Amino acid sequence: MLGSRVRTSFPLLMPLRQLGTATVRTGVASKESELMPATLAFQDPRAFQVKTPGELLRALGVFRLCSFPLLVNNCGTLMSIARRLLGKRGFSMFLRPTVYAQFVAGEDETEISQSMEKMSLLGLRPMLAVPIEEDLGESTGEKRYEDNMEAMLECVRMSHSNAWSKDPMMQLKITALLSPELCVKLTTLMAQQAYDLNLLVRAMDGESISFPGLDDNDNAHLLCGLRRLDKIAKASVDKVRVLVDAEYTYMNPALSLVTMVMMKKFNTDGAWIWNTYQCYLKESSSLIREAIDLSKKEGFCLGVKLVRGAYMDKERKLAEKEGRQSPIHNCWEDANDSYNGSLNTMLEVISEQPERYRIIVATHNEESVRLSAQRMEELGIDKEDGSVCFGQLLGMCDHVSLTLAKEGYAIYKSVPYGSVDDTLPYLVRRAQENRTVLQGIRKERDLLRQELRRRFRQKLGMATA
Ligand SMILES: Cc1cc2nc3c(=O)[nH]c(=O)nc-3n(C[C@H](O)[C@H](O)[C@H](O)COP(=O)(O)OP(=O)(O)OC[C@H]3O[C@@H](n4cnc5c(N)ncnc54)[C@H](O)[C@@H]3O)c2cc1C
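Residues numbered from 1 in each chain as written. Predicted model: local features only at pLDDT ≥ 70, side-chain atom pairs only at ≥ 80, totals over all residues.

J.: In this structure, what is going on with the overall build of the protein? I would like to understand it.
T.: Helices and strands together make up the secondary structure of the protein, namely 19 helices and eight strands. By the burial criterion, 42% of the 465 residues in the protein qualify as buried. Taking the contacts inside the protein whose residues are at least 6 apart along the sequence as the reference set, 76% of them involve residues at least 24 apart. (Helix = DSSP H or I, 4+ residues; strand = E, 2+ residues; numbered from the N terminus. Buried ≥ 20, exposed ≤ 12 C-beta atoms within 10 Å, placed from the backbone. Contact = placed C-beta atoms within 7 Å.)

See the structure below:
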């Protein structure tokens, strides 16, 4: 279990290039705290000064609930039982002030804007996410994808047309616009033949291309999907950076292909379309190197969202069921080395060409954040120019986000929005996918408690004075 693991694997002031992939797995905790930059120790409860007592109590309560594995693992079932028992209204009344308020920005533009304005005052930037997730067997026809496109276009508009929009980002799931079945089919075809980026760019421009290996229906759906992506990308360029999510390995190659097509078409002068790399995958470091090489060859700017990855259990189970090797690293330490190694690769290319490469260090892991900050300093990367930024989910690890903002780093919160019903499946998945993090947030809970105690004492002092 992650919570019980010693996570201190890097002597922090040693330059990364000297470390290679070797890590010290135990016994460096005290050394680390001696060496790390004091400002990024993430141990100051005053990071939460900006929160109201109600918000502190809510966060404590929600994190407490999330610390029960039985509850988190079965939260999908529990939620649907509660919804049936309480009815739509009762269920919404129960969730809105609690779990929903912790992890979701709101339902309509007024609510979302209020949350975003507050975040903006704290130096946090928005990365809006339309909570649509589809997997195999969930596809529901062209109309649904068109509706999803409208929701994404609305997200683009909202992201850039408000006072709180500072260099905004948004997340995009390709499977909300192109059926997961077709993505799987394309992935299989890509293993047999290379797809020409230029051909796909022409299809995106509206040319009626026939793709090898696809029947008429699939071909027509791919053309529609590419045009939907084209519309969203066109609306975003020069306004909002669109970060394409990584999903399952049985479809990721197809998702990367269409993302690269968008990059080729739209990232000529800057990184407006970004791809995500999941470092829990054994192949992740070679994928990043390939992307860097392709961007040089094709002449586009590359934006990278670096994550550890959210679908570990399902990937492992599937590989076991199909009798093949798991695509996931064998242990957390290997995934960690992979994350930090790819981070270093990207920081090095950014230091050489900050106008052509960008990265968002999307993690709640304090050590990776510190490592990144330290390496940025070594390489002379400006923390304010946005070529390197950080990302965490709304409602999680605020002590990390707020400290980074205070220290002048570009920091984004991934912010889902929508009705209770629309966001719940997304939240359940998030809770389950991130249970390793949620269970490991004892530190955030400790800091929240310290801040509450500090305020209580302050109040008492004032009352007795
Ligand atoms: C802004 C943002 C965007 C995101 N977008 C995506 C996305 O597009 N696609 C996606 O898949 N995820 C995405 N995620 C989720 C992310 O992948 C992580 O699951 C999550 O953030 C936890 O990792 P961590 O680095 O924060 O925490 P840590 O606690 O350092 O790491 C936990 C993670 O390590 C990995 N891990 C744990 N145990 C093992 C093990 N035994 N062997 C191998 N690996 C292990 C798992 O990935 C686990 O989630 C996103 C997260 C953020 C903050």
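Continuing now.
J.: Sorry, what's going on with the site of the ligand here?
T.: Around the ligand, the structure places 30 residues, and the nearest of them are D245, V307, A335, T363 and N365. Every element with two or more residues in the shell around the ligand is listed here: β4 (273-278), α14 (332-352), β7 (388-393) and α18 (435-439). When residues of the shell around the ligand are assigned to their parent elements, the largest contribution, three residues, is made by β7. (Near = placed C-beta within 6 Å.)

J.: Would you take a moment to explain the packing of helix α9 (residues 197-204) against helix α11 (residues 252-266) for this structure?
T.: The description of two helices packed together rests on the angle between their axes and the distance between the axes. Taken N-terminus to C-terminus, the directions of α9 and α11 make an angle of 75°; their axes are 9 Å apart at the nearest point. By the angle class used here, α9 and α11 are roughly perpendicular. Facing α9, whose interface residues are L197, L200, V201 and M204, α11 presents M260, V261, K264 and K265. Partitioning the contact of α9 with α11 into residue classes produces six nonpolar, no polar and two charged. (Axes fitted to C-alpha atoms, helices over the stretch in contact; angles between N-to-C directions. Parallel < 35°, antiparallel > 145°, perpendicular 65-115°, else oblique. Nonpolar A, V, L, I, M, F, W, Y, C, P; charged D, E, K, R; others polar.)

J.: Please clarify how the sheet that holds strand β6 (residues 357-362) should be interpreted in this entry.
T.: Where strands meet in a sheet, backbone hydrogen bonds hold them as pairs that are either parallel or antiparallel. With respect to topology, eight strands assemble into a closed barrel ordered β1-β2-β3-β4-β5-β6-β7-β8, the strand pairing being parallel. Within the sheet, the average angular offset between the axes of one strand and its neighbour, ignoring direction, is 30°. Across five bridges, β7 lies against strand β8 (residues 410-416) in parallel orientation. In the sheet register, G391 faces β8, and the bridge partner there is Y412. Relative to the sheet, helix α16 (residues 398-406) contacts β7 and β8, its axis offset from that of β8 by approximately 145°. (Pairing = 2+ DSSP bridges.)

J.: What am I meant to see in the pairing of β8 here?
T.: Two faces, one strand: in a regular strand the side chains alternate between the faces of the sheet. Burial analysis of β8 places seven of its seven residues in the buried class, the great majority of the element. Going residue by residue along β8, you find A410, Y412, S414 and P416 tucked away on one face and I411, K413 and V415 tucked away on the opposite face as well. Pairing analysis gives five bridges linking strand β1 (residues 125-129) to β8, with the strands arranged parallel. Paired with L128 across the strands is V415, a residue of β8. The handedness of the β7 to β8 crossover, carried by α16, is right-handed. (Right-handed = clockwise from strand over helix to strand, strands pointing away.)

J.: Help me out: how do you make sense of α14 in this one?
T.: The α-helix winds at 3.6 residues per turn, so residues separated by three or four positions along the chain end up facing the same way. Between its first and last C-alpha atoms α14 spans 31 Å; for 21 residues at 1.5 Å apiece the expected length is 30 Å, and the two agree. Those residues of α14 that fall on the buried side of the exposure criterion are A335, N336, D337, S338, Y339, N340, S342, L343, M346, L347 and I350. (Expected span 1.5 Å × (residues − 1).)

J.: I keep staring at the nonpolar core and nothing clicks. Help me out?
T.: Nonpolar side chains tend toward joint burial in soluble globular proteins. Residues M170, V242, I273, L306, M346, V361 and I411 are the most contacted members of the largest nonpolar core, which totals 112 residues. Top element by residues in this core is α11. It accounts for eight residues. With sequence-adjacent residues up to four places away left out, V361 is seen in contact with L306, L343, S368, V369, S372, V388, F390 and G391. (Core = buried A, V, L, I, M, F, W, Y, C linked by C-beta atoms within 7 Å.)

J.: It is not clear to me how the packing of helix α8 (residues 180-192) against α11 should be interpreted in this structure. Could you clarify?
T.: The contact between α8 and α11 brings their axes to 7 Å, and the two run at 90°. Taken as axis vectors, α8 and α11 run roughly perpendicular relative to one another. Along the contact surface, α8 presents C183, L186, T187 and M190, while α11 presents P253, A254, L255 and L257. Here the residues of the contact of α8 with α11 are counted per class, giving seven nonpolar, one polar and no charged.

J.: Can you walk me through helix α12 (residues 284-298) in this structure?
T.: Between its first and last C-alpha, α12 extends 21 Å over 15 residues, near the 21 Å set by a 1.5 Å rise per residue. Among all positions of α12, only S284, I288 and S295 are buried. Axial view of α12: buried residues confined to an arc of 50°, hence all on one face. Residues of α12 that are exposed and angled more than 90 degrees away from the buried face: S286, D293 and K297. Two residues or fewer past α12, G299 is found with a positive phi of approximately 75°. (Arc of directions from axis to C-beta.)

J.: Just to check I follow, could you spell out the pairing of β7 for this structure?
T.: The element β7 is extensively covered by neighbouring structure, given that five of its six residues are classed as buried. Direction of pairing for β6 relative to β7: parallel, over a ladder of four bridges. Note that in β7 the partner of I360 across the bridge is C389. Each parallel crossover has a hand, and for β6 linked through helix α15 (residues 366-379) to β7 it is right-handed.

J.: Help me out: how do you make sense of the environment of E55 in this one?
T.: Tracing the backbone through its elements, the reader meets E55 in helix α3 (residues 53-66). Judged by the 17 C-beta atoms lying within 10 Å of it, E55 is partly exposed. Along the sequence, E55 and L448 sit 393 residues apart, while their C-alpha atoms lie 9.8 Å from each other.

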